[in-house]
Amino acid sequence: MNAAANMFQGQQEFVLLEDQATSANIIYGMVAKAIQNPDKKMALIVKGGPGTGKTVIALQVLSELARNHGDVSA
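A quick note: this is a predicted structure, and the numbers were derived from the prediction, not measured.

Rules used in this analysis
Residues numbered from 1 in each chain as written. Predicted model: local features only at pLDDT ≥ 70, side-chain atom pairs only at ≥ 80, totals over all residues. Heavy atoms only, no water. Salt bridge = Lys/Arg side-chain N within 4 Å of Asp/Glu carboxyl O. Helix = DSSP H or I, 4+ residues; strand = E, 2+ residues; numbered from the N terminus. Buried < 20%, exposed > 50% of the residue type's maximum accessible area, 1.4 Å probe, protein only. Contact = heavy atoms within 4.5 Å.

1. As for the pattern of salt bridges
- Enumeration over the complete set of coordinates arrives at one salt bridge.
- With a shortest N-O distance of 2.8 Å, arginine 67 and glutamate 64 are connected by a salt bridge. Taken together, the positions of arginine 67 and glutamate 64, both in helix α3 (residues 54–69) and three residues apart, correspond to about one turn of that helix.
- Residue arginine 67 is classed as partly exposed on the basis of its relative accessible area, which comes to 35%.

2. Remarks on the side chain of serine 63
- Note on placement: serine 63 falls in helix α3.
- Note on serine 63: relative accessible area 1%, which makes it buried.
- Beyond its immediate sequence surroundings of up to four residues, serine 63 is in contact with Met7 and Phe8.

Rendered as structure tokens:
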């Protein structure tokens with residue numbers, strides 16, 4: 001929980017590995033498309049086995065979006 005709180009305050013807690021960074025960039029691209037087309041429904045599924053970094057990617061993306069775009073609860 002402390003790591004998540006620190007990330008939302010702008011502190012880097014984790015360094016994304018190459019595949020994780022690629023996944024995060026895909027998510028950022030989809031968010032940008034969703035912002036440009038608010039009437040279009042979109043879904044994204046992030047798959048991976050235990051320990052592959054799905055939670056780290058989610059925390060990274062959510063904290064980045066929260067810092068740069070405010071409310072990301074939609």
